[in-house]
Amino acid sequence: MSDASIDVLRDRIRGSLIGGAIGDALGYQIEFEKDIKPRQVTRFFDDYGVISDDTQMTLFTACALLWRETRWTIRGIAMLPPEAIYLGYLDWLSTQQRVPEHRLISWIAKIPELNVLRAPGMTCIDALSSGRAGSIGEPINDSKGCGGVMRIAPIGLFVSSDEKAAVFSAESCALTHGHPLAILSAYTLGLIIYYIREGWTIKKAVKTAISKMNVWTPEAYYYTKNLENIWNRAKNDLSELLERAVSLARDKTEDLKAIYELGGGWVAEEALAIALFCSLKYEDSFEDAVIATVNHDGDSDSTGAITGNIVGAALGYKKIPDYFKNNVELKDLILEIADDLTTGVPTDENGEIVDEEWLKKYFYSIGG
Ligand SMILES: [Mg+2]
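Structure report, in brief. Since we're looking at a predicted model, the values are computed, not measured.

## Observations concerning the overall build of the chain
Here's step 1: When you go through the chain residue by residue, the secondary structure sums to 16 helices and zero strands.
Here's step 2: Against the 2.2 N^0.38 benchmark of 21 Å for 368 residues, the chain shows a C-alpha radius of gyration of 19 Å, consistent with a compact globule.
Here's step 3: Looking at the chain residue by residue over its 368 residues, the buried ones come to 53%.

Written out as structure tokens, the structure reads:
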């Protein structure tokens, strides 16, 4: 990859992760408040953007992908990405509760600012505490909370094909959320993020992702058959809701009116629909998009996180206003992880990893 194209990629991946954190932090301030007015929140309260579980879990998703890719490079064999992400989420769980030590894979688990409770989703906590990983084939519950979707952006930012982005996102959602609409929402968001990373406009990415629901069946993975069953149960409901979001944005419908028509965002498909409405209506302005997406009575931090992931990727880090990006919690850590996703595993001409810092983070990690 040329220097210029890696610079563009870095800007998009930084934009997506920092954008998601900003949307999360803006929304977290009013997540449980009611009677929110349009543009009630425009800045961080106390001038400081405190992130919530949405960004925490997104960072653990990213680290798990990098840990897994490093092992693959060194050993030529590794578990599938969703299986590594499950281990990453167990690490996140250990930061939320004083659970017995387990074999950590995520170097970020030791970071003090991540060892705090920020209204973690109970479905995630319960599913991860059960000792069992859900999957598309064997759902762990019937939950369609948006907690299975708000954390998956790194998958679309990192993997090498649209099919992998979609299927790994779906399977990663199913670790904790078993409802078909949650799983298919993650599938669709994974595709959208992947296409935007590839340089597509939000409009083209959304249109293509929705159309894939009706015509495309992934074939390359062992869980294809189970995914097809999920798909047929949910695709009509989801594509109808997302098409509605697209037309509300096209008609420039007033923000709150459109958002309440799409739902409250507490469940996956509504959170995705609200994020798509705001991302499409305000595709040229990061600030307008995230302000629109958090100012409602629903799950503001998750709609904020997803919208920030989408618009941040499309516009890039440089186009995010300084006020937001300079005042968001863990900015330096988020940028470091974004840049690690951009370069991928660094190898020399013999295919070996000589970067000791990288090995410390993603190979020796904490558990080795
Ligand atoms: Mg949250």
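Here the narrative resumes.
## Details of the nonpolar core
Here's step 1: Of all hydrophobic cores here, the largest spans 116 residues; its most connected members are Val-149 and Phe-277.
Here's step 2: The element contributing the most residues to this core is helix H7 (residues 180-197), with 13 residues.
Here's step 3: With residues up to four places along the chain from it excluded, the contact list for Phe-277 reads Ala-245, Leu-248, Ala-249, Ala-258, Ile-259 and Leu-262.

## Focus: the packing of helix H1 (residues 3-28) against helix H12 (residues 286-294)
Each pair of packed helices gets described by two things: the angle between the helix axes and the distance between those axes.
Here's step 1: Packing of H1 against H12 brings their axes to within 9 Å, and their N-to-C directions diverge by 40°. Taken as axis vectors, H1 and H12 run oblique relative to one another. Crossing angle aside, the handedness with which H1 passes H12 is right-handed. In this structure, H1 uses Gly-19, Ile-22, Gly-23, Leu-26 and Gly-27 to contact H12, whose residues at the interface are Phe-286, Val-290, Thr-293 and Val-294.
Here's step 2: Residues belonging to the contact of H1 with H12 are distributed by class as follows: five nonpolar, four polar and no charged.

## A closer look at the packing of helix H2 (residues 53-75) against helix H15 (residues 331-343)
Here's step 1: Interaxial distance between H2 and H15 falls to 10 Å at its minimum, and their mutual angle equals 35°. You can see that H2 and H15 cross each other, and the crossing is left-handed. For the pair formed by H2 and H15, the contact residues are Leu-59, Ala-62, Cys-63 and Leu-66 on the first element and Ile-337, Asp-340 and Leu-341 on the second.
Here's step 2: A class-by-class count of the residues in the contact of H2 with H15 yields six nonpolar, no polar and one charged.

## Some thoughts on helix H4 (residues 122-129)
Here's step 1: Of all the residues in H4, the buried ones are Thr-123, Cys-124, Ala-127 and Leu-128. Buried residues in H4, looked at end-on, bunch into an arc of 120°, giving them a common side.
Here's step 2: Positive phi appears at Gly-131, one or two residues downstream of H4, with a value of about 85°.

## Brief notes about H15
Here's step 1: Under the 1.5 Å per step criterion, the end-to-end length of H15 is 19 Å for 13 residues, consistent within 8% with the ideal 18 Å.
Here's step 2: The set of residues buried in H15 consists of Ile-334, Ile-337, Ala-338, Asp-340 and Leu-341. The arc that holds the buried residues of H15, viewed along the axis, is 160°, so those residues lie on one side.
Here's step 3: Summarising the contacts, the buried residues of H15 are in contact with H1, H2 and helix H5 (153-158).
Here's step 4: The first or second residue beyond H15 is Gly-344, which carries a positive phi of 70°.

## As for unusual backbone geometry
Here's step 1: Even without glycine at this site, Lys-252 takes up a positive phi of about 55°.
Here's step 2: Unusually for a residue other than glycine, Leu-330 sits at a positive phi of about 60°.

## Thoughts on the environment of Ile-310
Here's step 1: Summarising the element assignment, Ile-310 is placed in helix H13 (residues 300-315).
Here's step 2: Sequence-wise, Ile-310 and Ala-275 are 35 residues apart; in three dimensions their C-alpha atoms are separated by 8.2 Å.
Here's step 3: When neighbours within four sequence positions are excluded, Ile-310 is seen to be in contact with Ile-192, Ile-193, Ile-196, Ile-202, Ala-275 and Ser-279.

Rules used in this analysis
- Residues numbered from 1 in each chain as written.
- Predicted model: local features only at pLDDT ≥ 70, side-chain atom pairs only at ≥ 80, totals over all residues.
- Helix = DSSP H or I, 4+ residues; strand = E, 2+ residues; numbered from the N terminus.
- Rg over C-alpha atoms; globule rule 2.2 N^0.38 Å.
- Buried ≥ 20, exposed ≤ 12 C-beta atoms within 10 Å, placed from the backbone.
- Core = buried A, V, L, I, M, F, W, Y, C linked by C-beta atoms within 7 Å.
- Contact = placed C-beta atoms within 7 Å.
- Axes fitted to C-alpha atoms, helices over the stretch in contact; angles between N-to-C directions.
- Parallel < 35°, antiparallel > 145°, perpendicular 65-115°, else oblique.
- Left-handed = near helix turned anticlockwise from the far one by under 90°.
- Nonpolar A, V, L, I, M, F, W, Y, C, P; charged D, E, K, R; others polar.
- Arc of directions from axis to C-beta.
- Expected span 1.5 Å × (residues − 1).

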